Amino acid sequence: MTNLNVQDLDLFLETAELDDLSISTGGGDFKRELLPAKGHAVRLVGYTEVGVHTKKKFQSEETNEVDTVRMTFEVLSKDGIRLDDAGKAVGARRLYMECKKSTHEKSTMRKLFEIMREGDTTITHFAQLIGTKAWKLKVNWEANRKLLQNKKARTEALAAAEASPDNKDLRVWEVWKTNGVPNLSPAVNAVMDEDGEDTGEVIPMKVPAVVGKLEFFLWDTPVVEHWASLYIDGEYEKKDASGAVVKVSKNRVQEQAISANNYEGSALQAMLDGTEFVAPEVLDVEDEAPKKEKKAKKPKKDKKAEDKSDEMDELGL
């Protein structure tokens, strides 16, 4: 597997021409547990542009052509990290979201960017935030579109869901976004006095380093190493609409990119068609950059439609 690291991104950013997002335009093999309803330390570990896709408007059959960005956050609280028997971090829960690539002042992407750069005007793109800064993410629970405000409500809702597992209306969901924007705030904790009262002071949260791999890909300026870092080998099983068990590729992100409406004639297509394949598992981004005749793997297009609810389950939305 190819791992992208912060140093590689720093080298790329020294010469890359990135869109300045600070300029506003007009107008795994384990059971997923719910993250506790509280604040969790997270880091941004992925910013991936996957091209233009046709998407339904909210609560409508109408569609839009959306230039899509995939964002990935790694949960680095004790509830998000998985440890091996020796106590070493071997994995961490990841949360995914997709939004429209836009610098419009009212867009989800621009609102998120302003929250994450915390007033630092030297930061002009999400790429500068990958694997570096940390934030606190507020996670809530809801069931049947109602927010579960306290521990009693959450306990009762979980019991009801477990008693009737086939009743989707009783399912308990994690909610970590408001109007599409993640509930992020600075990674600090309040300082309490000896009586448990808030002193008004804060201290930085102790946040572990990133556990998994970083993901970064720009649609208009693709780089072989960045593309290879998106590759995931293998398949998983799921039930289709008829209830039959089918195998689905884990290489979701690369397949999503090459299925984009604007893939034909894109810089990504030129990169994939113009060079010879080098398997991601043998490509080490710490070595010299591959020669022009080498390239990252071009996945097959997956024409099978994914069930929306199953996709939300897998992504943790």
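Predicted model only: the values in this text are computed from it and were never measured.

### Re the pairing of strand E1 (residues 39–56)
Okay, so step 1: By the criterion of burial, E1 is predominantly enclosed, with 14 of the 18 residues buried.
Okay, so step 2: Judged from the four bridges that link them, E1 and strand E6 (residues 135–138) form a sheet pairing that is antiparallel. Bridging from a neighbouring strand, alanine 41 pairs with lysine 136 of E6.
Okay, so step 3: Pairing of E1 with strand E2 (residues 63–75), which is carried by 13 bridges, proceeds in the antiparallel orientation. Following the sheet pairing, tyrosine 47 is matched in E2 by methionine 71.
Okay, so step 4: Linking two consecutive strands that pair antiparallel, namely E1 and E2, is a turn of six residues; a positive phi of about 55° is found at glutamine 59 within it.
Okay, so step 5: As defined by bridge partners, E1 adjoins strand E15 (residues 215–217) across three bridges and the pair is classed as parallel. Across the sheet, residue glycine 46 finds its bridge partner in E15, namely glutamate 215.

### Quick look at a negative patch on the surface
Okay, so step 1: Together, Asp193, Glu194, Asp195, Glu197 and Asp198 give the surface a local cluster of negative charge.
Okay, so step 2: By the secondary structure assignment, aspartate 198 is in strand E14 (residues 198–204).

### Points about the packing of aromatic side chains
Okay, so step 1: One pass over the full model with this rule turns up five aromatic pairs.
Okay, so step 2: Here phenylalanine 217 and tryptophan 227 contribute two aromatic rings whose centre-to-centre distance is 5.4 Å and whose plane-to-plane angle is 55°, an arrangement assigned as tilted. With phenylalanine 217 in strand E15 and tryptophan 227 in helix H4 (residues 224–228), this residue pair connects regions lying 10 residues apart in the sequence.
Okay, so step 3: The residue whose ring lies beneath arginine 171 is tryptophan 173, and the NZ or CZ to ring-centre distance is 4.3 Å.
Okay, so step 4: Above the ring of tryptophan 176, the side-chain terminus of lysine 177 is found at 5.1 Å from the ring centroid.

### Observations concerning the sheet that holds strand E8 (residues 146–147)
Okay, so step 1: Spatially, three strands are ordered E8-E7-E9 in an open sheet, and the strand pairing comes out antiparallel. A strand with exactly one partner marks an edge of an open sheet, and here the two such strands are E8 and strand E9 (172–175).
Okay, so step 2: Where strand E7 (residues 140–143) meets E9, four bridges bridge the pair, whose relative direction is antiparallel. Across the sheet, residue alanine 143 finds its bridge partner in E9, namely valine 172.

Scoring rules and cut-offs
Residue numbers restart at each chain and count upward from 1, following the sequence in its written direction. Local features in a predicted model are, by the rule used here, given only for residues with pLDDT of at least 70; side-chain atom pairs are given and counted only at 80 or more, and totals for whole chains, interfaces and linings are based on all residues. Hydrogens and waters are ignored; side-chain quantities use all the structure's heavy atoms. Burial classes: relative accessible area under 20% of the type maximum marks a residue as buried, over 50% as exposed, and values in between as partly exposed (1.4 Å probe, protein chains only). Each helix corresponds to a stretch of at least 4 residues labelled H or I by DSSP, and each strand to a stretch of at least 2 residues labelled E; elements are numbered beginning at the N terminus. Strands qualify as paired when DSSP identifies two bridges or more between them. A patch consists of residues exposed above 30% relative accessible area that lack any salt bridge, with like charges linked at up to 9 Å and nonpolar side chains (Val, Leu, Ile, Met, Phe, Trp, Tyr) linked at up to 5 Å. Each accessible area value is a Shrake-Rupley result obtained with a 1.4 Å probe; residue values ignore everything except the protein chains displayed when judging cover. Salt bridge, as applied in this entry: a Lys or Arg side-chain nitrogen positioned within 4 Å of an Asp or Glu carboxyl oxygen. Charge convention: Lys and Arg are scored as positive, Asp and Glu as negative, and His as well as the terminal groups of each chain are ignored. Note on charges: their place is set at NZ of Lys, CZ of Arg, CG of Asp or CD of Glu. Any two of the Phe, Tyr and Trp rings considered here, Trp counted by its six-membered ring, make a pair once their centres fall within 6.5 Å; the pair's planes then place it as stacked at under 30 degrees, edge-to-face at over 60, or tilted in between. Two thresholds decide whether a charge sits over a ring: the Lys NZ or Arg CZ must be within 6 Å of the ring centre and within 35 degrees of the ring normal.

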